[in-house]
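A closer look at the structure
Listed below, chain by chain, are the residues.
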Amino acid sequence: MGNYIQSFLTNRTARVFIDGKYSAPQVIHDGVPQGSVIAPTLFLIGLQSVFRIVPEDTEILAYADDLILISSSPYSRIARKKLQLAVDKISTWAPTVGFTFAPEKSKLMHLGPHRKRLRKIPPLKMQNKNIPLVRSARILGVWIDDQLRFTKHINCVRNAAKRKLNILKKLCCSNWAGSRSSLHLFVHGWLLPTILHGVGFFSRGPEKVLEKLEPLYNQAIRYISGCFKSSPIPSLMVESGQLPFKYILTKALSIKTIRWLSLNRNQEVPMVHRAQMFLNRIQASIPAICPRYDPRLQKWNASTPKVDLSLLSKIKAGTNPSYVLPHFYHLVERKYKDVPKLYTDGSKTLDGRVGCGITSENINVSLPLPSICSVFSSEAFALLSAAQNYCPTTQSVIFSDSASVLKGVSVGNIKHPWIVTLSEVAIQKGITLCWIPGHSNIAGNERADHLAAAGSQLDPQNQTIPSPDALKWVKRHITLAWSQTWNIIAQNKLREVKNTTEAWIDRASIRERRILTRLRIGHTRLTHGYLMAMDDPPMCFACQVQLSIKHILLNCPCYQQARIESGLGNSLRQILSNCPIEEKKIILFLQKSNLMDQI
C-alpha cells in the first residue's frame, strides 16, 4: 500500500490548454489529485500531525483545510501570546507536509469586552506578516462577531432569504403555480435551511435579534396562501396548516440537541440549556437520551448475529393459524429441538402506555417502558432484555414476531442503540433470533403478548430513550402545543370556521383557493382594503354597519336572493367548511353577487 501511494503521488505533471494550445508540463510537488477516491483520505493523513504539535493550552478545530485556533485567558495579552506560539509551530510544520497558509486570508478575532486595550498588544504575526484583526468572521456559514450577538449573521441570512423570497413570489403569483403542499415543500426544503443554518449557535443571541427572522417565514407563507398583510399570523398559519416560526425554531433546536446528546456528548453545553428553555415555554422537556453507536467506529468486516427469517418467505400477515402451526413446529423440530427457547413481544396501548414481555418454560417477565417509546423500541428492548438477562445458556434461540426489528439486526441497523447492543450480545453469546408470525396461536408468543400488555399497565422506571423515539415525541408535542394554543384563542374570525390546525384539502383552481383562504380568515380586499389605503373602514349602505364577511354571508339583505339561489348554510362553519359541495356553493354565491373580483 505504501509503494502504491508513493507511485500515485510522485512524478505528477499538469499543463494548461488555452486557444487550442498546451502549456509546457509543470511538475506538481504538493497536494493530492482532485477527484480521486483516495485523495480525501490522503489529505486527512497529511493533516493529522498538526494536532500533535499544537500546545495543550490551545484548542484546534479543523474542517477540511480550514483551521481554527482558540486560546482563552482572563488577560488578552496572555491569550495572544498563546496564539502566537501555536501559529509559529503551525507555520514551521506546514512546509514539512506540503501545506501553505496565507496570512492575508487568516483572521484574528477577540471575543469579549475591552477592545480599546487591544491596540496596546503586539499584533499576531504569521511569516512576518500581521494577521488582520476583525470584529466578525464566517465559520462554516455562520457569522460570529466578537460580542456573540450574531447581528451580522442574522442580517446576512435575511439578505439571502429575501432573494429566495423573490423567487417564491414569482412562483406564487403565476397562473401555473403549483399546489400549496408543493410550495410548502419549497419553503421547508430551501428557504428554512437558509434561515435556520447554525441554529445551535445563533440561538444564543438576544430575542430581539432572533425575531428578525420570523417575518421572512411569515412572508413566505403569505405568498403561498395569497393573504393580505392585514391577515393575523395565527390565522395565516392555521389556514395553511403550518407551524408558527417560534415552534419551528423550537423544533429545529430540539432536534439538534437530541442528536447531540445521542452521540454521548457533553450535556452542559449552552445549546442543551437553550433547547430546554424553549421547550419549557410549551410545558415540555428533553428526555434522557440513550447514547447511539457512532457509525464511524464500525469495522468493515464486523460480523452479524444469527437471524432466522425462513418463515417469512412461507407465511404472510393474516395467514390462518392452522397453516402456520405446522410450519412452526417443523422449524422447531428441525433446528431448535434441544435448544433453550424464549419468546418476546412488545405492546403499546391506545392511551400511550408501553410494555414488553419475556417468557420461557421457567420465566414470565413483564417490563414497563416510558410512553415516549414506540412499538418498534418495545420489541427491540424485549429482545435485548431477554438476550442480556434471561438466556439460560449460550446457543439459545429467541422468538419474536417483529420482522422490522429482526431485519434491522440482520442488515446492521446502527441508528437504534438497543439494536446495536442486541447485536453485540447475540454475537457474544451465540444467540439466534428467529421470526415467527404473531397472533397465530403459538403458545409462547401468546404468553409474551399477554405479558407485554400487563407490562404496559405498570409504572415505567427511569429509562433512557432512543433518539428516534425522542425526535418523534418532540415533533408530536410541538404540534400538539400549537393546537392547544389555537384552541385557547377566542377573538379570531377563523376560529368560527376551523378548530383544527391541520391542513385542509385545497381547490384545484388557484384563484378559488385564494378566495376561500381570504374568506375564511375574514380579511379580503372588500372588507380590509382600507388598511392598505389608509382610509376609513367600509360601511354597508343598507344596514349602516361595518362591512364584514360574516355580515355578507349571513345577515345583509342585499345578498339574500343570492344566498338562497346558491343554497348557503346558516352558519359560517358550514358555509366556509372544507366540504367540496359547500365550497362550490360559496363560489356560486360570489359569482351571482358579483363579488369574485372584490375578494
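Residues numbered from 1 in each chain as written. Predicted model: local features only at pLDDT ≥ 70, side-chain atom pairs only at ≥ 80, totals over all residues. Heavy atoms only, no water.

**Overview of the pattern of salt bridges**
So the rule is basically this: Within this document, salt bridges are pairs made up of a side-chain nitrogen of Lys or Arg and a carboxyl oxygen of Asp or Glu, the two lying within 4 Å of each other. Between buried and exposed lies partly exposed: a residue is buried under 20% and exposed over 50% of the maximum accessible area for its type, with that area taken using a 1.4 Å probe on protein chains only. Secondary structure elements follow DSSP: runs of H or I no shorter than four residues count as helices, runs of E no shorter than two count as strands, and numbering proceeds from the N terminus.
One pass over the full model with this rule turns up 13 salt bridges. E512 serves as the salt-bridge partner of R507, at 3.1 Å between the closest nitrogen and oxygen. Comparing R507 with E512 shows no difference in burial state: the two are buried. The salt bridge partner of E583 is R507, with a shortest N-O separation of 3.5 Å. Pair noted here: E583 is in helix 24 (residues 580–592) and R507 is in the loop between helix 18 (467–488) and helix 19 (510–521), with a separation of 76 residues, a long-range link. For the pair E583 and R507, one class covers both residues: buried. Through salt bridges with shared partners, one network takes in R507, E512, R520 and E583.

**Side note on the state of the cysteines**
Applicable threshold: In this description, a disulfide is simply a cysteine sulfur pair whose atoms lie within 2.5 Å.
Taken as a whole and assessed by the stated rule, the structure comprises zero disulfides. The thiol of C227 is not disulfide-bonded; the next cysteine sulfur, from C172, is found 11 Å away. On the basis of relative accessible area, C227 is assigned to the buried category, the value being 10%. C290 takes part in no disulfide bond, and the closest cysteine sulfur to it belongs to C373, at a distance of 9.6 Å.

**With respect to the pairing of strand 16 (residues 432–435)**
To keep things clear, this is the line we draw: At least two DSSP bridges between two strands are needed for those strands to be called paired.
Alternating positions in strand 16 separate into two faces, T432 and C434 on one and L433 and W435 on the other, with burial throughout. Here three bridges tie strand 11 (residues 306–308) to strand 16, and the two strands are oriented parallel to one another. Of the residues in strand 16, the one forming a bridge with D308 is C434. Note that strand 15 (residues 397–400) and strand 16 share four bridges and pair parallel. Among the inter-strand pairings, I398 is bridged to a residue of strand 16, identified as L433.

**Description of the packing of aromatic side chains**
Note the following rule: Two aromatic rings from Phe, Tyr or Trp, using only the six-membered ring of Trp, form a pair when their centres are within 6.5 Å; if the ring planes differ by under 30 degrees the pair is stacked, by over 60 it is edge-to-face, and anything between is tilted.
Applying the stated criterion to the full structure yields 14 aromatic pairs. The interplanar angle of 45° and the centroid separation of 6.1 Å between the aromatic rings of Y217 and F245 together place this pair among those described as tilted. In this pair, Y217 sits in helix 9 (residues 214–225) while F245 sits in helix 11 (residues 245–262), placing the two residues 28 residues apart along the sequence. Summarising the burial analysis for this pair, Y217 and F245 share the class buried.

**Some thoughts on the pairing of strand 12 (residues 341–348)**
When you tally the buried positions in strand 12, you get six out of eight residues, the bulk of the element. Strand direction decides the pairing type here: strand 12 and strand 13 (residues 354–359), joined by six bridges, are antiparallel. Bridge pairing links S347 to G355 in strand 13. What sits between the antiparallel neighbours strand 12 and strand 13 is a turn of five residues, in which G352 has the positive phi angle 90°.

**Considering helix 2 (residues 39–47)**
Convention followed: What the arc measures is the spread of directions leading from the helix axis to the C-beta atoms. Note on definitions: a residue-residue contact is assigned when non-hydrogen atoms from the two residues lie within 4.5 Å.
Within helix 2, burial applies to A39, L42 and L47. Viewed end-on, helix 2 has its buried residues packed into an arc of 135°, placing them on one side of the element. Looking at the buried positions of helix 2, the neighbouring elements they touch are helix 1 (2–9), helix 3 (50–53), strand 5 (59–63), strand 6 (66–70) and helix 4 (76–97).

**Focus on the packing of helix 19 against helix 24**
Put simply, the test is: Angles here are taken between N-to-C directions and fall from 0 to 180 degrees, while the axes themselves are lines fitted to C-alpha atoms, restricted in helices to the stretch in contact. These descriptions rest on fixed angle ranges, namely under 35 degrees for roughly parallel, over 145 for roughly antiparallel, 65 to 115 for roughly perpendicular, and the rest for oblique.
Packing of helix 19 against helix 24 leaves a shortest axis separation of 11 Å and a crossing angle of 90°. For the element pair helix 19 / helix 24, the angle class is roughly perpendicular. Residues E512, I515, L516, L519 and R520 of helix 19 touch helix 24, and the partners they reach there are E583, I586, I587 and L590.

**Looking at the sheet that holds strand 15**
An order of 11-16-15-12-13-14 is seen for the six strands of this open sheet, with the pairing classed as mixed. Looking at the sheet topology across the chains shown, the edges are occupied by strand 11 and strand 14 (364–369). Each neighbouring strand pair of the sheet contributes to a mean axis angle of 20°, computed without reference to strand direction. Two strands pair when backbone bridges link them, and strand 13 and strand 14 are joined in this way by six bridges, in the antiparallel orientation. By the bridge assignment for strand 14, T359 is matched with N364. Against the sheet, helix 17 (residues 443–455) engages strand 12, strand 13 and strand 14, with an angle of about 145° to strand 13.

**Things to note about a positive patch on the surface**
So the rule is basically this: A residue counts toward a patch only above 30% relative accessible area and without a salt bridge, and it is joined to like-charged neighbours within 9 Å or, for Val, Leu, Ile, Met, Phe, Trp and Tyr, to nonpolar neighbours within 5 Å. Per-residue and other accessible areas follow the Shrake-Rupley method at a 1.4 Å probe size, with only the shown protein chains counted as cover for residues. The convention is simple: Lys and Arg are positive, Asp and Glu are negative, and His and the chain ends are not counted. The location of each charge is read from NZ of Lys, CZ of Arg, CG of Asp or CD of Glu.
A surface patch of positive charge is lined by K256, R259, K348, K472, K475 and R476. Mapped by element, the contributors of at least two residues to the positive patch are helix 11 and helix 18. A per-element tally of the positive patch places helix 18 first, with three residues. Along the chain, K348 turns up in strand 12.

**Topic: the nonpolar core**
Quick reminder of the rule: Joining through side-chain atoms within 4.5 Å is the link that ties buried Ala, Val, Leu, Ile, Met, Phe, Trp, Tyr and Cys residues into a set, and such a set is a nonpolar core.
Ranked by internal contacts, the top residues of the largest apolar core, which has 131 residues, are I195, I398, F399, L553, I586 and F589. With nine residues, the single largest contributor to this core is helix 11. Each residue touching F399, except ones within four places of it in the same chain, is listed here: F328, V332, Y336, K341, L342, Y343, T344, C434 and I436. L83, A94, F99 and L124 belong to the second largest nonpolar core, which has 15 residues in total.

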